[in-house]
Amino acid sequence: MSSPSRDGPDTSASVPRTDVLRWPVVGPFLRWRHSRLALQVPMAVLALILVLHGLFGPQLAPKNLATLLVWVHWRGALVIGLLVLGNVFCLGCPLMLPRELARRIVAPARRWPRALRRKWIGIGLFVLVLFLYEWLDLWASPRATALAILAYFGAALAVDAFFAGAPFCKWICPIGQFNFVASTLSPLEVRPRDLGTCASCATKDCIRGRREPATPSAPEATAAIERSAPRITQRGCELDLFLPRKVGNLDCTFCMDCVHACPVDNVAVATRVPGEEWLVDAARSGIGRLSRRVDVAVLVVLFTFGALLNAFGMVAPVYALQRTLAEFLGTNSEFVILGLLFVLGLAVVPALCLGLVAVVARTLTGAPAMRHLVRFSLSLCPLGFGVWLAHYSFHFLTGLWTFVPVTQLALRRLGITLLGTPRWGLGGLHESWVWPIELGFLGLGLVGSIAIAWRLAERDFGRRAPRAFAPWALLHLALAGTALWLLAQPMEMRGTFL
């Protein structure tokens, strides 16, 4: 596959060599119109089970499916799926089922307000979720976890049943924002098979949707109505990503609507170089120029520093720091102390680090500080994803089989003994086996961030590239060193008996 140029995608791109939609079994399934529904239904059933077990099951976290599957298994499977496949959780997201049912009753006509078409709400909610996870000890409370799942379903329904399109996914959902950023490092993307075919397309069904033609035998009055407001038989992209101008995975939910809407089968799920889309500063569909999207840059920064803060909250030094802050402030309020930690970890420290790097880079290159900061902050993404991968894979792999005895216990409480007595001795991989995997994820993230920073420096500064690159490389090394120290600390085995 051809690489995107600095100004935009390669418009001469040929048919991709690898197209998942052409694979046996997987390809026909994804091209099936009801493939997403087939994934959403079992996910919705699982969500219902988690809610019921969270509300009415044992309120000890390691014995409850809600806390165990959400905070140990789902998070680990999520990041590994993003790395290996792409945004597969959004593809099978069960939150959209209530919305689809509601829209069958009343179709919303309002558009999401233009003033809110930025990531700021999603960014705020992303920080809020991280904070509530620590403050409310969600990992230790099955009931609170169940209520959080219900709140998520309710929020998605309230927004998308009132506004047309998919504003909850694009602008609000904090998990969605996490997935969008992380999926830029995945090896697959939805793209046109041949841009020449797109150029000759008159209907633009991939974004407008496939519309039912007027009935030939209908009376003239009826036919006129059908022509002026044809019924959409297959919707196009609800996130406003026009396929020929789409670059990479940012804001793409992998919903496959464009695949089903294209009348000439010109959409591929193709392989690509992970992270390459961060190098493109063209005016891409639905997003615009990344160098002008301060909100996207802030999201990437919080994605990266949030990974470090989330890991820091599970190691012993955090408790010593909390005691110090409690003595300094003269309060034992966990809300106040955690709030201060979050302000320091997600605002003060990132601002100091990035501000210092921007000042040094401006001194060395003369580049405008803000544009340089927005552009190069995107290079943090691989390192941040590497930290999330290392952290979540540790919990996932060391607690890999812990769901088995919890499932056995849940069934026995219902009088079903088919799976036998709970085997509480089941765990997962030994920590010594997981440690090299963590180091590998962190190392890959560091290499990816340094590579993107260097490519950006080459493209934006030419011969002065080393001057622009050096301060960012030092920042990446410092953050990677911090992550390595965190991962080397004994970490709480939250949500399990391990």
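Conventions we followed
Residues numbered from 1 in each chain as written. Predicted model: local features only at pLDDT ≥ 70, side-chain atom pairs only at ≥ 80, totals over all residues. Heavy atoms only, no water. Helix = DSSP H or I, 4+ residues; strand = E, 2+ residues; numbered from the N terminus. Buried < 20%, exposed > 50% of the residue type's maximum accessible area, 1.4 Å probe, protein only. Polar contact = N/O pair within 3.5 Å; in protein donor to acceptor, adjacent residues only side chain to side chain. pLDDT = per-residue confidence, 0-100. Contact = heavy atoms within 4.5 Å. Axes fitted to C-alpha atoms, helices over the stretch in contact; angles between N-to-C directions. Parallel < 35°, antiparallel > 145°, perpendicular 65-115°, else oblique. Left-handed = near helix turned anticlockwise from the far one by under 90°. Nonpolar A, V, L, I, M, F, W, Y, C, P; charged D, E, K, R; others polar. Expected span 1.5 Å × (residues − 1). Bend = angle between axes of the 7 residues up to and from the residue. Salt bridge = Lys/Arg side-chain N within 4 Å of Asp/Glu carboxyl O. Patch = residues over 30% accessible without salt bridge, like charges linked within 9 Å, V, L, I, M, F, W, Y side chains within 5 Å. Areas by Shrake-Rupley, 256 points an atom, 1.4 Å probe, with all protein chains shown as cover.

A. Focus on the environment of Arg 210. The topology assignment puts Arg 210 in strand β2 (residues 210-211). Judged by relative accessible area, which is 31%, Arg 210 ranks as partly exposed. Arg 210 sits 75 residues away from Trp 135 along the chain, and the two C-alpha atoms are 47 Å apart. A polar contact is formed between the side chain of Arg 210 and the backbone oxygen of His 260, at a distance of 3.2 Å. Engagement of the side chain of Arg 210 in a polar contact is seen with the backbone oxygen of Cys 262, the distance being 3.0 Å.

B. Inspection of the confidence of the model for the chain at higher detail. The predicted model of the chain averages 90 in pLDDT, with 92% of residues at 70 or higher. A low-confidence stretch, residues 222-229 stays under pLDDT 50, and its non-local contacts, those more than four residues away or across chains, total seven contacts.

C. How the structure looks around the packing of helix α16 (residues 334-365) against helix α17 (residues 369-377). The geometry of α16 relative to α17 is characterised by a closest axis approach of 10 Å and an angle of 120° between their N-to-C directions. What the angle tells us is that α16 and α17 run oblique. Crossing of α16 against α17: the hand is right-handed. The residues of α17 that touch α16, namely those facing Leu 354, Ala 358, Ala 361 and Arg 362, are Ala 369, His 372, Leu 373 and Ser 377. Residue composition of the contact of α16 with α17, by class: five nonpolar, two polar and one charged.

D. Structural context of α16. Counted at 1.5 Å a residue, the expected span for α16 with its 32 residues is 46 Å, and the 44 Å between its end C-alpha atoms agrees. Along α16, the helix axis deviates most sharply at Leu 344, where the bend reaches about 35°. Those residues of α16 lying buried are Ile 337, Leu 338, Leu 341, Phe 342, Gly 345, Leu 346, Pro 350, Leu 354, Val 357, Ala 358, Ala 361 and Thr 365. Buried residues in α16 make contact with α6 (120-135), α14 (294-312), α15 (317-329), α17, α20 (431-461) and α21 (465-488).

E. Region of the structure containing the pattern of salt bridges. As enumerated under the stated definition, the model contains 17 salt bridges in all. Between Glu 100 and Arg 235 there is a salt bridge, and its shortest N-O distance comes to 3.0 Å. With Glu 100 in helix α5 (residues 96-105) and Arg 235 in the loop between β3 (232-234) and α13 (257-261), the pair connects residues that are 135 residues apart, well separated along the chain. Assessed through its relative accessible area of 23%, Glu 100 is described here as partly exposed. The exposure class of Arg 235 is partly exposed, given its relative accessible area of 26%. Across the pair Arg 235 and Asp 257 runs a salt bridge whose closest N-O atoms are separated by 3.0 Å. Within this pair, whereas Arg 235 is found in the loop between β3 and α13, its partner Asp 257 is found in helix α13, the two being separated by 22 residues in sequence.

F. Fine view of a nonpolar patch on the surface. On the surface, Trp 135, Leu 136, Phe 328, Leu 329, Phe 335 and Val 336 cluster together into a nonpolar patch covering about 580 Å² of accessible area. Of all the secondary-structure elements, those providing two or more residues to the nonpolar patch are α15 and α16. Among the secondary structure elements, Leu 136 is positioned in the loop between α6 and α7 (142-160).

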